[in-house]
Amino acid sequence: SSIRLLEDVLNADRSRPRFLTMILTLFSALSLVLAALGIYGVISYAVAQRTSEIGIRMALGAQPGEVLRMVCKQGMIIICAGLAIGLMAALAIGRVVGSFLMGISGTDPVTYVSVTAVLMLIGVTACYVPARRAAGLDPTEALRHE
């Protein structure tokens, strides 16, 4: 009485998991963008607060590359600390939610390495923009900033 194609039955059966996966992917991408904006905002704020210091350093002979490394180093310390805390939390939670995952374990090393690499790349990019701006500061403008 209700004859349907097998393809339609399978599509109906898979529609809810597909929708949930799409929503999860959307929220994951949004959280990645928010993390990048947060790192960018924190580093930009730190650079703005240290404008006079950076100007003095450049007036005393610091090269733009040194300023770039200084600001990136500050950002990378924050990123590495966040990644370490996040990895520890993910390992702890991964054991609990491992039963809900299909196809991988809760402690899959490939997943942890790839996610860490992506987050590190996002963090480096978010740090580089304010660091580049700090390296291009004119010392006289920076000292007049106060």
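Residues numbered from 1 in each chain as written. Predicted model: local features only at pLDDT ≥ 70, side-chain atom pairs only at ≥ 80, totals over all residues. Heavy atoms only, no water.

1. Considerations on the environment of V47
Move 1: Turning to its location among the elements, V47 is positioned in helix 1 (residues 6-49).
Move 2: On the accessibility criterion, V47 (7% relative accessible area) is buried.
Move 3: Filtering out sequence-adjacent residues up to four positions away, V47 remains in contact with I54, V71, P130 and A134. (Helix = DSSP H or I, 4+ residues; strand = E, 2+ residues; numbered from the N terminus. Buried < 20%, exposed > 50% of the residue type's maximum accessible area, 1.4 Å probe, protein only. Contact = heavy atoms within 4.5 Å.)

2. Describing the packing of helix 1 against helix 3 (residues 64-97)
Move 1: Relative to each other, helix 1 and helix 3 sit at 140°, their axes nearing to 11 Å. In terms of their interaxial angle, helix 1 and helix 3 are classed as oblique. The element helix 1 and its partner helix 3 pack so that their crossing is right-handed. For the pair helix 1 and helix 3, the contacting residues are I39, V42, I43, A46 and V47 in the first and V71, Q74, G75, I78 and I79 in the second.
Move 2: Along the lines of polarity and charge, the residues of the contact of helix 1 with helix 3 split into 8 nonpolar, 2 polar and no charged. (Axes fitted to C-alpha atoms, helices over the stretch in contact; angles between N-to-C directions. Parallel < 35°, antiparallel > 145°, perpendicular 65-115°, else oblique. Left-handed = near helix turned anticlockwise from the far one by under 90°. Nonpolar A, V, L, I, M, F, W, Y, C, P; charged D, E, K, R; others polar.)

3. Focus: the nonpolar core
Side chains that are nonpolar tend, in soluble globular proteins, to be buried together.
Move 1: In terms of nonpolar packing, the biggest core is built from 16 residues, with I43, V47, I54, V67, V71, A131 and A134 touching the most fellow members.
Move 2: The set of elements that each furnish at least two residues to this core consists of helix 1, helix 2 (51-59), helix 3 and helix 4 (109-135).
Move 3: By residue number, the principal contributor to this core is helix 3, which donates 7 residues.
Move 4: Once you skip the residues sitting within four places of it in the chain, A131 turns out to touch L68, V71 and C72. (Core = buried A, V, L, I, M, F, W, Y, C linked by side-chain atoms within 4.5 Å.)

4. What about the layout of surface pockets?
Move 1: Empty space within the largest pocket amounts to approximately 470 Å³.
Move 2: Taken together, 25 residues form the lining of the largest pocket, with G86, A90, Y112, V115 and L119 sitting closest to its centre.
Move 3: Contributing elements (two or more residues each) for the lining of the largest pocket: helix 1, helix 3 and helix 4.
Move 4: Considering every element that reaches the lining of the largest pocket, the biggest residue donor is helix 3, with 10 residues.
Move 5: Broken down by class, the residue content of the lining of the largest pocket amounts to 17 nonpolar, 7 polar and 1 charged.
Move 6: Approximately 240 Å³ is the volume found for the second largest pocket.
Move 7: Grouping the constituent residues of the lining of the second largest pocket by class yields 4 nonpolar, 3 polar and no charged. (1 Å grid on protein atoms, 1.4 Å probe; cavity = no way out; pocket = protein on both sides within 12 Å on 5 of 7 lines; lining within 4 Å. Points joined across faces, edges and corners; volume = space filled by probe spheres on them.)

5. Examining a nonpolar patch on the surface
Move 1: On the surface, I93, V96, V97, F100, L101 and I104 cluster together into a nonpolar patch covering about 570 Å² of accessible area.
Move 2: Inspection of the secondary structure puts F100 in the loop between helix 3 and helix 4.
Move 3: Taking relative accessible area as the criterion, F100 reaches 65% and is therefore assigned exposed. (Patch = residues over 30% accessible without salt bridge, like charges linked within 9 Å, V, L, I, M, F, W, Y side chains within 5 Å. Areas by Shrake-Rupley, 256 points an atom, 1.4 Å probe, with all protein chains shown as cover. Salt bridge = Lys/Arg side-chain N within 4 Å of Asp/Glu carboxyl O.)

6. Focus: helix 1
Since one α-helical turn is 3.6 residues long, residues separated by three or four positions face the same way.
Move 1: Here helix 1 is 44 residues long and its end C-alpha atoms lie 64 Å apart, about the 64 Å a rise of 1.5 Å per residue gives.
Move 2: Inspection of helix 1 places I43, S44, A46 and V47 among the buried residues, and these make up the whole buried set. (Expected span 1.5 Å × (residues − 1).)

7. Observations regarding the packing of helix 3 against helix 4
Move 1: It is at 8 Å that the axes of helix 3 and helix 4 come closest, and there the two elements cross at 155°. Comparing their axes, helix 4 and helix 3 come out roughly antiparallel. Considering the relative orientation of helix 3 and helix 4, their crossing is right-handed.

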